[in-house]
Amino acid sequence: MPAFTATAPAKIILFGEHAVVYGRPAIAVPVTSLQARAIVRGAPHAPHGQVRLISPAVQLDALLDELEPNHPLRRVVELTAQELGASYLPACQITLQSTIPVASGLGSGAAISVAIIRALAAYLGKALADETVSALAYEVEKIHHGTPSGVDNTVIALRKAVYFVRGQPIESLSIGHPFTLLIADSGIPSPTATTVAEVRAGWQQNPAYFEALFDQIGAIVQQARSLIEKGQPELLGDLMNHNQRLLQEVGVSSPELESLIAAARRGGALGAKLSGGGRGGNIIALVDESNAAAVGESLRAAGARSVFATVVQ
Ligand code: MEV
């Protein structure tokens with residue numbers, strides 16, 4: 001039986017996390033060195049319509065209908081089958097693999113969804129538009145974290161840099177000049193659902209304060225977009241630092257993230273900030289050829305669990 005495989009990249013948010021949930025723009029880029037993979041194999045001897053899901057990383061080996069109706073993996077398979085007009089799927093086995101750390105702001109949930117959607121479409125011999133893939137993954141994002149903006153599923157389904165505003169047509173972003181970011185992991189898992197819910201609670205108590213912060217973040221995103229498109233990424237560092245100060249005020253930083261950010265700046269980074277939901281997960285630091293090695297060393301010395309470079313191009 002042939003295997004139908006699809007992969008999906010991780011993502012990082014360069015600017016605008018959290019404010020994007022409240023209608024402000026965000027800039028996000030794919031990270032192709034980390035991947036989720038779904039492999040679908042037909043199971044001709046299994047009972048009609050039986051779907052088996054295997055994910056060794058989370059010790060999952062289950063039949064689809066043994067999972068809770070709202071289980072993200074069950075939902076993504078059912079939604080995709082429905083979209084493809086298949087009232088049942090020919091019996092198959094779906095194996096999941098991923099090198100994207102979970103609960104670290106890198107979009108692991110959305111990447112798994114996108115990989116499954118594309119592999120199932122290939123299995124059924126059908127093609128789905130990127131926008132449809134993104135819309136299906138968005139439905140599953142709602143299970144992962146209540147009120148998602150949709151930025152994660154969008155950048156992961158499109159596999160290119162995006163300037164994203166909730167509810168507006170997707171705009172891809174042209175990168176005037178490539179630039180390098182180091183991504184450093186605090187090693188602290190932090191589900192996005194938790195920080196998104198906490199920010200919402202704060203916003204409900206004090207909407208004017210949060211709206212003002214979100215406005216300022218939105219203005220940074222606009223400036224960043226212009227610098228990225230004009231090919232002046234070396235000027236992004238100050239904007240990253242400014243965005244980070246606002247994220248502190250939003251309440252989603254943490255001592256561990258601050259310590260990594262300070263280490264990146266000490267090592268010579270042009271700017272640094274948390275990326276994604278915050279509290280734990282990853283920080284990003286803007287580097288150039290002259291300081292990349294020193295920034296990496298400084299981050300490791302400050303306790304980063306992993307540090308790797310990604311080129312935005
Ligand atoms: C998560 O990657 C980014 C957040 O802004 C949440 C969202 O946009 O849904 C924190």
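Keep in mind that what you see is a predicted model, and the values were worked out from it rather than measured.

1. Section: the domain arrangement of the protein chain
Interfaces are often described in size by the accessible area the parts lose on coming together.
Part 1 of the argument: Domain annotation for the protein chain reports domain 1 (3-171) and domain 2 (175-312).
Part 2 of the argument: A separation of 25 Å is found between the C-alpha centroids of domain 1 and domain 2.
Part 3 of the argument: Each side of the interface is counted separately: domain 1 has 28 residues, and domain 2 has 43 residues.
Part 4 of the argument: Between domain 1 and domain 2 lies a buried interface of about 2900 Å² when both sides are counted; carbon and sulfur atoms form 66% of it.
Part 5 of the argument: Looking only at domain 1, the three residues that lose the most surface to domain 2 are Phe 15, His 18 and Tyr 22, adding up to 26% of its buried area.
Part 6 of the argument: Put simply, domain 1 and domain 2 have four salt bridges between them.
Part 7 of the argument: For the salt bridge of Arg 24 with Glu 211, the shortest nitrogen-to-oxygen distance reads 2.5 Å.
Part 8 of the argument: Seen at the junction of domain 1 and domain 2, the total is twelve residue pairs in polar contact (both at pLDDT 80 or more).
Part 9 of the argument: Where the side of domain 1 that touches domain 2 is concerned, the elements lending two or more residues are strand E1 (3-15) and strand E2 (26-42).
Part 10 of the argument: For the side of domain 1 that touches domain 2, the element with the highest residue contribution is E2, accounting for six residues.
Part 11 of the argument: Considered class by class, the residues forming the side of domain 1 that touches domain 2 number 17 nonpolar, eight polar and three charged.

2. Overview of unusual backbone geometry
Part 1 of the argument: We note that Gln 59 has phi near 50°; this positive angle belongs to a residue other than glycine.
Part 2 of the argument: With respect to the helices, strands and loops of the structure, Gln 59 is situated in the loop between strand E3 (51-55) and strand E4 (60-63).
Part 3 of the argument: Located in the positive-phi region is Ala 103, a residue other than glycine, with phi close to 50°.
Part 4 of the argument: Mapped onto the elements of the fold, Ala 103 is located in the loop between strand E5 (92-98) and helix H2 (108-123).
Part 5 of the argument: What makes Ala 103 partly exposed here is its relative accessible area of 26%.

Definitions and limits used
Residues numbered from 1 in each chain as written. Predicted model: local features only at pLDDT ≥ 70, side-chain atom pairs only at ≥ 80, totals over all residues. Heavy atoms only, no water. Domains from an automatic or database assignment. Contact = heavy atoms within 4.5 Å. Buried area = accessible area lost by both parts, 1.4 Å probe. Salt bridge = Lys/Arg side-chain N within 4 Å of Asp/Glu carboxyl O. Polar contact = N/O pair within 3.5 Å; in protein donor to acceptor, adjacent residues only side chain to side chain. Helix = DSSP H or I, 4+ residues; strand = E, 2+ residues; numbered from the N terminus. Nonpolar A, V, L, I, M, F, W, Y, C, P; charged D, E, K, R; others polar. Buried < 20%, exposed > 50% of the residue type's maximum accessible area, 1.4 Å probe, protein only.

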